Amino acid sequence: MRLTQWTDYTLRVLMYCAATEGRAQPVTITEVAEGYGISRSHLMKIVQQLSAQGMLETTRGRGGGMRLMQPATAINIGAVVRATETDFNLVECFDPTTNQCRLSSHCRLKGVLSQAMQAYLAVLDGVTLADLMAPASPTGRGLWPTVAVPRNGAIRTPPQPLPGLPDAPEFE
């Protein structure tokens with residue numbers, strides 16, 4: 001059970017928007033792309049899809065950007081994963097049109113993997129976008145976002161704190 005890069009980036013965009021909720025300026029694609037070291041053009045496609053699905057409100061032009069269209073508590077992670085993943089066939093025998101396995105009639109692996117997939121999705125169904133956000137620190141300052149170093153190796157100034165984004169050491 002592995003998420004595609006598309007789903008990973010989709011979740012990152014949603015989390016970034018949730019972490020900046022309430023900020024005067026909307027989040028820009030460039031901001032997210034630079035923050036995570038992700039292709040801007042790839043993110044544009046993801047944001048377009050999220051907008052079409054009613055999860056993001058987008059505004060074009062100067063001062064434009066994106067915001068969550070619904071509260072983070074209303075965005076279910078299981079639904080996001082189902083909407084962005086294209087293939088839940090863990091093994092060949094999950095797809096009857098391509099199944100060539102000679103053990104299918106005697107094998108219990110398909111049933112076990114199917115149960116595992118259902119359990120995996122059930123866990124995600126119990127999680128909202130708000131659940132993924134770290135609580136604000138006791139000092140009132142936001143936590144530093146966990147972002148990738150830009151691919152070009154350029155040195156950047158430290159990012160401004162974004163409330164709700166997890167601190168890397170917390171998850172080690």
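The model shown is predicted, which means the values in this text are computed figures rather than measured ones.

Caption draft 1: Up close: the pattern of salt bridges. Overall, the coordinates contain three salt bridges when judged by the stated rule. Of the charged contacts, one joins R23 and E31 as a salt bridge, the two residues approaching to 2.9 Å between their closest N and O atoms. By relative accessible area, which is 29% here, R23 ends up partly exposed. Residue classification places E31 among the buried residues on the basis of a relative accessible area of 19%.

Caption draft 2: Fine view of the side chain of T84. Among the structural elements, T84 can be located in helix α4 (residues 77–84). Judged by relative accessible area, T84 falls into the buried class, the value being 6%. With residues up to four places along the chain from it excluded, the contact list for T84 reads W6, T7, T10 and Q49.

Caption draft 3: Spotlight on helix α3 (residues 40–52). With 13 residues, α3 extends 18 Å between its outermost C-alpha atoms, agreeing within 8% with the 18 Å of an ideal straight helix rising 1.5 Å per residue. Within α3, the full set of buried residues consists of L43, I46, V47 and L50. Looking straight down α3, one finds its buried side chains confined to an arc of 100°; they lie on one side. With respect to the buried face of α3, the exposed residues turned more than 90 degrees away are K45, Q48 and A52. Of the surrounding elements, those touching the buried residues of α3 are α1 (5–19), α2 (29–36), β1 (56–59) and β2 (65–68). Just beyond α3, the residue with positive phi is G54, at close to 80°.

Parameters at a glance
Residues numbered from 1 in each chain as written. Predicted model: local features only at pLDDT ≥ 70, side-chain atom pairs only at ≥ 80, totals over all residues. Heavy atoms only, no water. Salt bridge = Lys/Arg side-chain N within 4 Å of Asp/Glu carboxyl O. Buried < 20%, exposed > 50% of the residue type's maximum accessible area, 1.4 Å probe, protein only. Helix = DSSP H or I, 4+ residues; strand = E, 2+ residues; numbered from the N terminus. Contact = heavy atoms within 4.5 Å. Expected span 1.5 Å × (residues − 1). Arc of directions from axis to C-beta.

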